[in-house]
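Listed below, chain by chain, are the residues.
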Amino acid sequence: MTGSNKEPQSKKRRKVSYSKYGYMFIAPFFIVYIIFSLWPMLNTFYYSMFEYTTRNLRTTIEFAGLKNYLNILGIAEGEKGYFLTYMGNTLRLWAFNFIPQILLSLLAAAWLTSRRVKVRGKGLFKVIFYMPNIITAASISLLFCALLSKYGPIMSTLRNMGLISGNTDIMLSKWGTGLSISLIQTWMWFGNTMLLLIAGIIGISPEIYEAAELDGASGWQQFKSITLPLLKPVMLYVFVTSSIGGLQLFDIPALFNVGQGTGYMGGPNDTSTTVTMYIMRLHTTDTGRAAAVSVLLFICTLIISLIFFATMRNKDNGSGPVKGGK
């Protein structure tokens, strides 16, 4: 009897729960996120409701409600809507960077992954296109500032060739400065976008293209009807991350055409000042308004991202009723 009782107990398997180890592995991410992202964001919302000003090394904190928002939007009496002005500057710089960047990235990705066009040295081209992305933005902005200044090498060469007049100065032109900043951004980031699109194209099954070729589809038809629709998830990621980075544009305009002693004021005449530059300008004297600007920038970024999600999501074609052919 004793042996018969021990035998079932020995056959019992001890159940071990391994789920706790999974929580241990993901815990560092959430801890870092809460400390360095979530908590500062909640504090930003909190301080945006206060007049948090510093004058003559004295800091005053008073509850203001929505006053900061009314002031930066120009709704309050005697206040100018700087936020709307600088948001317009930011959107203009982002649009002239984003559109050519996507077009160039799509073109380069399609060229380097084409089954019909045999390109030699694809790896070298990828490295060359991506290389500007690994250079610091501060170095690039200062480099192009020197190249495009009135007496810089590029402008001097164009002036000697008779292509521009002697008084032409990009730094004094709103559109010249804006297009220069946008082109610098395009040159820096299109290689990164290209690699993302290449990864998406490589992930598409080759059998789909083979079937299209058997049906007599041309290269453009394959790109339009196969590549672009199946690239939607990658394109959505590119659009959302580009909008986040574009609306938070700071380093290049803050160093490209900013006069000495003017603070974060992009020339000419404040026309290349972005929202983040405005936040940095306010932060030293009026933290409450700077927090309010940050909250509005967060809301604008969220709205644009939601628009991308809504317009580019994959629709389930099989959810509706199937209609017969006859």
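Just so it is clear, the structure is predicted and the values come from calculations on it, not from any experiment.

A. Spotlight on the pattern of salt bridges. Scanning the model with the defined rule gives four salt bridges in all. As a salt-bridge pair, glutamate 51 and lysine 67 come within 2.7 Å of each other at their nearest N and O atoms. Of this pair, glutamate 51 sits in strand β1 (residues 50-55) while lysine 67 is found in helix α3 (residues 67-72), placing the two residues 16 residues apart along the sequence. Residue classification places glutamate 51 among the partly exposed residues on the basis of a relative accessible area of 23%. Ionic pairing is found between arginine 289 and aspartate 286, a salt bridge with its closest N-O pair at 3.4 Å. Among the charged side chains, a salt-bridge network with shared partners connects Glu79, Asp286 and Arg289.

B. Representation of the side chain of threonine 301 within the structure. With respect to the element layout, threonine 301 can be found in helix α14 (residues 287-312). Here the side chain of threonine 301 touches leucine 297 through a polar contact of 2.8 Å, landing on its backbone oxygen. When residues no more than four places from it in sequence are discounted, the contact partners of threonine 301 are Ile244 and Leu247.

C. Expanded view of the packing of aromatic side chains. Here the structure, examined in full by the defined rule, presents 20 aromatic pairs. For the pair phenylalanine 239 and phenylalanine 308, a centre-to-centre distance of 5.2 Å together with 50° between the ring planes defines the contact as tilted. One end of the pair, phenylalanine 239, is in helix α11 (residues 232-247); the other, phenylalanine 308, is in helix α14, with 69 residues separating them in the sequence. The same class applies to phenylalanine 239 as to phenylalanine 308, namely buried. Aromatic rings pair up to connect Tyr46, Tyr47, Phe50, Tyr52 and Phe63 into one cluster. Positioned above the aromatic ring of tryptophan 175, the side-chain terminus of arginine 92 is 5.5 Å from the ring centre.

D. Molecular detail of helix α8 (residues 174-202). The first and last C-alpha atoms of α8 sit 41 Å apart over 29 residues, in line with the 42 Å expected at 1.5 Å per residue. With a side-chain oxygen lying 3.0 Å from the backbone nitrogen of glycine 176, the N-terminal cap of α8 falls on serine 173.

Analysis parameters
Residues numbered from 1 in each chain as written. Predicted model: local features only at pLDDT ≥ 70, side-chain atom pairs only at ≥ 80, totals over all residues. Heavy atoms only, no water. Salt bridge = Lys/Arg side-chain N within 4 Å of Asp/Glu carboxyl O. Helix = DSSP H or I, 4+ residues; strand = E, 2+ residues; numbered from the N terminus. Buried < 20%, exposed > 50% of the residue type's maximum accessible area, 1.4 Å probe, protein only. Polar contact = N/O pair within 3.5 Å; in protein donor to acceptor, adjacent residues only side chain to side chain. Contact = heavy atoms within 4.5 Å. Phe/Tyr/Trp six-rings, centres within 6.5 Å; stacked < 30°, edge-to-face > 60°. Lys NZ or Arg CZ within 6 Å of the ring centre and 35° of its normal. Expected span 1.5 Å × (residues − 1).

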